[in-house]
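# Per-entry structural report
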Amino acid sequence: MLEVNSLLANSAPPRPAARLLAVAAVLAVSLPLVACTADDTQLTIQSDGGEHRFTVEVVDTPESRARGLMYVQELADDAGMLFDFKEERPVSFWMRNTYIPLDMLFIEADGTVLNIHVNARPHDTTGIPSAGPVQFVLEIPGGRSEELGIEAGDQVTHPRITAAQ
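Right, let's walk through the structure included here. Here the structure is a predicted model, which is why all the values come from computation and not from measurement. Within each chain, residue numbers correspond to sequence positions counted from 1 in written order. In view of the model being predicted, local features appear only for residues whose pLDDT reaches at least 70, and side-chain atom pairs are presented and counted only at 80 or more, with totals across whole chains, interfaces and linings using the full set of residues. Processing note: side-chain calculations cover all non-hydrogen atoms of the structure and skip hydrogens and water entirely.

This part covers the layout of surface pockets. Considered as a void within the structure, the largest pocket measures approximately 230 Å³ in volume. In this analysis a 1.4 Å probe is tested at points of a 1 Å grid over the protein atoms alone, and where it fits but cannot get out there is a cavity; an open set with protein on both sides within 12 Å along at least five of seven lines is a pocket; lining residues have an atom within 4 Å of a point. Looking at the largest pocket, it is lined by 15 residues, and the ones nearest its centre are Arg65, Ala66, Phe83, Phe93 and Trp94. Note on conventions: DSSP H or I runs of at least 4 residues are helices, E runs of at least 2 residues are strands, and numbering of each starts at the N terminus. If you list the elements that add at least two residues to the lining of the largest pocket, you get helix H3 (62-67), strand S3 (79-89) and strand S4 (92-93). The element that contributes the greatest number of residues to the lining of the largest pocket is H3, accounting for 3 residues. The class makeup of the residues in the lining of the largest pocket is 8 nonpolar, 3 polar and 4 charged. Grid points are joined across faces, edges and corners, and a volume is the space filled by probe spheres set on the points. When residues are grouped by polarity, Ala, Val, Leu, Ile, Met, Phe, Trp, Tyr, Cys and Pro land in nonpolar, Asp, Glu, Lys and Arg in charged, and all others, Gly among them, in polar.

Written out as structure tokens, the structure is:
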């Protein structure tokens, strides 16, 4: 222990220029990584009524998609869950073990809302299908899509969604 302390006591403090170079090197490596890491908790829907922002949880595994919003007791007006199926395909949802009414927005790979099911009833096991192949489904509190004027054809923006060119 004495040897380490004496080595530290005898070492010269780092020079300011060397410190600045080290900080610059760390920033040069880390800033591009930060820029490439998108925040997938933020989603926006552009409708005739304006821009509507939601904070979402993304579910993209069979297990997380199967659970979805089951057992959730409340959901903030600006919150939701984005289901990513990783490819376009027809999908169908039900409300088994779901305690709150939900709107389901069925979204194509390019972010276009294909169809909306408004106010799905809690605990209903009736299938709620997409109107065709979709890659994403956004679940938000029941009735919110009508309150905000969100309709089929509106555009959804999210880091996982590749916008139509």
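Pairing of side chains with opposite charge becomes possible as their charged atoms draw close. Salt bridges are defined by distance alone: a side-chain nitrogen of Lys or Arg within 4 Å of a carboxyl oxygen of Asp or Glu. Applying the stated criterion across every chain, the model contains 6 salt bridges. A salt bridge links Arg53 to Glu51, with the shortest nitrogen-to-oxygen separation between them at 2.6 Å. Think of it in three bands: residues with accessible area under 20% of the maximum for their type are buried, residues over 50% are exposed, and the middle band is partly exposed, with areas taken using a 1.4 Å probe on protein chains only. Residue classification places Glu51 among the partly exposed positions, given a relative accessible area of 45%. Here Asp84 ties to Arg160 by a salt bridge, and the two come within 3.0 Å at their closest N and O atoms. Here Asp84 is found in strand S3, whereas its partner Arg160 is found in the segment after strand S9 (155-157), with 76 residues between them in sequence. Given the relative accessible area of 4%, Asp84 is considered buried. Through salt bridges with shared partners, a single network forms among Asp40, Asp60, Asp84 and Arg160.

Moving on: the pairing of strand S1 (residues 42-47). Strand pairing follows a simple DSSP-based rule, namely that at least 2 bridges must link the two strands. As paired elements, S1 and strand S2 (residues 50-59) share 6 bridges and run antiparallel to each other. Residue pairing for S2: Leu43 is matched across the bridge by Phe54. Counting the residues in the hairpin turn of S1 and S2 gives 2 residues. Where S1 and S9 come together, 3 bridges link them in antiparallel fashion. Residue Gln46 lies in a different strand from S9, and its bridge partner there is Gln155.

Moving on, we come to the environment of Pro122. Its location among the elements puts Pro122 in the loop between strand S6 (113-120) and strand S7 (128-129). A relative accessible area of 31% means that Pro122 is categorised as partly exposed. For the pair Pro122 and Trp94, spaced 28 residues apart in sequence, the C-alpha separation works out to 9.0 Å. Setting aside residues no more than four positions away along its own chain, Pro122 makes contact with Met95, Thr98, Tyr99, Ile100 and Pro101. Residue contacts are defined here by distance: any two heavy atoms, one from each residue, within 4.5 Å place the two residues in contact.

To continue, consider the packing of aromatic side chains. Ring geometry is summarised as follows: Phe, Tyr and Trp rings, the Trp one being its six-membered ring, pair when their centres sit within 6.5 Å, and such pairs are stacked at plane angles under 30 degrees, edge-to-face over 60 and tilted between the two. Throughout the structure, instances matching the rule amount to 4 aromatic pairs. Ring geometry for Tyr71 against Tyr99: centres 6.2 Å apart, planes inclined by 45°, an arrangement best described as tilted. Placement of the pair is Tyr71 in the loop between H3 and S3 and Tyr99 in the loop between S4 and strand S5 (102-107), with a sequence separation of 28 residues. Take Tyr99: its relative accessible area is 36%, and that puts it in the partly exposed class. Ring geometry for Phe85 versus Phe93: centroids 6.2 Å apart, planes at 85°, classification edge-to-face. Grouping aromatic residues by their ring pairs yields a cluster made of Phe83, Phe85, Phe93 and Phe106.

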